[in-house]
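Each chain, letter by letter, is given below.
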Amino acid sequence: MGALNRALDLLASLFKGLATLCLAVMVTLNLFNVIWRAVFDQAFGWVFSWTLLLFMWMLLFGFFAYIRGRRDVVVDIFMSRLSTVPRRIMGMFSCLVGMAVMVAILRAAPELLALQRAPMEGTGLPIWSRSLPLFISAALIFVHFLIFFIEIATGRVEPFPHDSEPVEHGAVE
């Protein structure tokens, strides 16, 4: 489990870097386009297409990094007040729900990818390249929830711990 968790953490870090790179490229392209248009009174239409694609990739790469970093929307306020056994049951149930959602996304992947054959306007890339990061993130999130489920079931991890949200230095307690 430890090696798999480290591998997922490494992938989450990579995905966070990819999301950041997408944002940097979007800003650079749009800045270039704005300056070019202001100076030469001519804009590049392809910048909009690439901005949309990079924005989509940024969100979808960030999806896994966000969930892996445990920044997802959780019900800690309620769950942390439960006793150990109900909290463990609800933790495993939460993982099962997360896995079920990821399975639903992944079940649609082959059909959606098969339908998306035409090139995207302005990029020349196939349309399926727009949604590929979603399916990669969904598969990794499924593994994340599966590992968390096993760790909760075996007692290695306490779900919804009382101290799950550390107080930042200088924050009001």
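Look a little higher up for the structure.
Summary of the structure given here. Everything numeric in this text was worked out from a predicted model, so none of it was measured.

Once that is clear, we can look at the overall build of the chain. Scanning the chain for helices and strands turns up five helices and zero strands. Along the chain, from the amino end to the carboxyl end, the secondary structure elements read α-α-α-α-α. Looking at the chain as a whole, 30% of its 173 residues qualify as buried. Total accessible area on the chain is roughly 11200 Å²; 69% of this is exposed by carbon and sulfur atoms.

Turning our eyes to something else, we now look at the packing of helix α4 (residues 84-115) against helix α5 (residues 128-153). Running from N to C, α4 and α5 point in directions that differ by 155°, and their axes come no closer than 8 Å. When the interaxial angle is binned, α4 and α5 end up roughly antiparallel. The handedness of the crossing between α4 and α5 is left-handed. In the contact of α4 with α5, the residues fall into 24 nonpolar, three polar and one charged.

This next bit is on the pattern of salt bridges. For the structure on display, the rule yields two salt bridges. Note that Glu158 and Arg87 form a salt bridge whose closest N and O atoms lie 2.7 Å from each other. A residue pair is termed long-range when its members are at least 10 positions apart, and Glu158 in the segment after α5 and Arg87 in helix α4 qualify at 71 residues. For Glu158, a relative accessible area of 42% corresponds to the partly exposed category.

Now for the packing of aromatic side chains. What the rule picks out here adds up to seven aromatic pairs. Between Trp36 and Phe40, the ring centres sit 4.4 Å apart and the planes meet at 40°, which makes this aromatic pair tilted. Residue Trp36 and its partner Phe40 are both found in helix α1 (residues 2-40); the two are separated by four residues, about one turn of the helix. Trp36 gets classed as partly exposed once you look at its relative accessible area, which sits at 28%. Each residue in the set Phe32, Trp36, Phe40, Phe44 and Trp46 is aromatic and connected to the rest through ring pairs, giving one cluster.

Moving on to the side chain of Asn5. Inspection of the secondary structure puts Asn5 in helix α1. Asn5 sits in the buried class, given a relative accessible area of 15%. At 2.7 Å, the side chain of Asn5 and the side chain of Arg68 are in polar contact. Residue contacts for Asn5: discarding those within four places in its chain leaves Arg68, Ile147 and Glu151.

Moving on to α1. The end-to-end C-alpha distance of α1 is 56 Å, a good match for the 57 Å that 39 residues give at a rise of 1.5 Å each. Against the buried residues of α1 lie α2 (46-68) and α5.

Among the surface-exposed residues, Leu31, Ile35, Val39 and Phe40 lie close enough to one another that they form a single nonpolar patch of about 410 Å² accessible area. The residue Val39 is located in helix α1 in this model.

Turning our attention to the layout of surface pockets. Approximately 260 Å³ is the volume attributed to the second largest pocket. If you go around the second largest pocket, you meet 13 residues; those closest to its centre are Ala12, Lys16, Gly62, Ala65 and Tyr66. Going through the elements one at a time, α1 and α2 are the ones with two or more residues in the lining of the second largest pocket. Considering each element in turn, the lining of the second largest pocket owes the most residues, six residues, to α1.

Rules of the game
Residues numbered from 1 in each chain as written. Predicted model: local features only at pLDDT ≥ 70, side-chain atom pairs only at ≥ 80, totals over all residues. Heavy atoms only, no water. Helix = DSSP H or I, 4+ residues; strand = E, 2+ residues; numbered from the N terminus. Buried < 20%, exposed > 50% of the residue type's maximum accessible area, 1.4 Å probe, protein only. Areas by Shrake-Rupley, 256 points an atom, 1.4 Å probe, with all protein chains shown as cover. Axes fitted to C-alpha atoms, helices over the stretch in contact; angles between N-to-C directions. Parallel < 35°, antiparallel > 145°, perpendicular 65-115°, else oblique. Left-handed = near helix turned anticlockwise from the far one by under 90°. Nonpolar A, V, L, I, M, F, W, Y, C, P; charged D, E, K, R; others polar. Salt bridge = Lys/Arg side-chain N within 4 Å of Asp/Glu carboxyl O. Phe/Tyr/Trp six-rings, centres within 6.5 Å; stacked < 30°, edge-to-face > 60°. Polar contact = N/O pair within 3.5 Å; in protein donor to acceptor, adjacent residues only side chain to side chain. Contact = heavy atoms within 4.5 Å. Expected span 1.5 Å × (residues − 1). Patch = residues over 30% accessible without salt bridge, like charges linked within 9 Å, V, L, I, M, F, W, Y side chains within 5 Å. 1 Å grid on protein atoms, 1.4 Å probe; cavity = no way out; pocket = protein on both sides within 12 Å on 5 of 7 lines; lining within 4 Å. Points joined across faces, edges and corners; volume = space filled by probe spheres on them.

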